[in-house]
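Single-letter residue listing:
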Amino acid sequence: AFTTREALLSGRDDSIDAMACRLGVRRLHLASLFRLSYLSPQIVRAILNGEQTAALTAARLMSFAKGLPQDWRVQWQHLGFASA
């Protein structure tokens with residue numbers, strides 16, 4: 001059985017649509033996951049350590065993905081973390 005990471009990396013897809021089809025997921029969901037790869041390393045670390053606010057659920061994070069700012073400091077504030 002493939003892990004999610006192995007499943008993503010195992011294909012030679014030429015588009016996000018082809019990858020979504022191969023993985024059996026919606027294109028918009030896959031695009032949101034890709035956008036989350038641009039999260040600040042500090043935010044990823046904070047989430048892994050359980051330091052995010054209670055309001056920052058996985059569903060809420062996915063809903064923020066489309067409009068996620070590229071500036072890591074702005075991301076920090078946008079996602080409700082205390083000032084650094």
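Trainee: What is the right way to look at the confidence of the model for the chain in this model?
Mentor: A low pLDDT means the predicted coordinates there should not be read in detail. Residues of the chain with pLDDT of at least 70 account for 85%, and the chain-wide mean is 84. Averaged pLDDT values over the elements of the chain bottom out at 61 in helix H1 (residues 4-10) and peak at 94 in helix H4 (residues 41-48).

Trainee: Hey, could you run me through the nonpolar core in this one?
Mentor: Most often, soluble globular proteins keep nonpolar side chains buried together rather than apart. One finds Leu36, Leu39, Ile43, Ala46, Leu56, Leu61, Phe64, Ala65, Leu68, Leu79 and Phe81 forming the largest nonpolar core, which totals eleven residues. Mapped onto this core, the elements with two or more residues apiece are H4 and helix H5 (58-64).

Trainee: Explain the packing of aromatic side chains to me, please; I cannot follow it from the model alone.
Mentor: The description of two aromatic rings rests on the distance between their centres and on the angle between their planes. Scanning all chains against the criterion turns up one aromatic pair. On the basis of an interplanar angle of 25 degrees and a centroid distance of 4.4 Å, the ring pair of Trp76 and Phe81 is categorised as stacked.

Trainee: Teacher, can you tell me more about the side chain of Ser40 here?
Mentor: You can see Ser40 is positioned in the loop between helix H3 (27-36) and H4. For Ser40, the residues in contact, after removing those within four places along its chain, are Trp72 and Gln75.

Rules used in this analysis
- Residues numbered from 1 in each chain as written.
- Predicted model: local features only at pLDDT ≥ 70, side-chain atom pairs only at ≥ 80, totals over all residues.
- Heavy atoms only, no water.
- pLDDT = per-residue confidence, 0-100.
- Helix = DSSP H or I, 4+ residues; strand = E, 2+ residues; numbered from the N terminus.
- Core = buried A, V, L, I, M, F, W, Y, C linked by side-chain atoms within 4.5 Å.
- Buried < 20%, exposed > 50% of the residue type's maximum accessible area, 1.4 Å probe, protein only.
- Phe/Tyr/Trp six-rings, centres within 6.5 Å; stacked < 30°, edge-to-face > 60°.
- Contact = heavy atoms within 4.5 Å.

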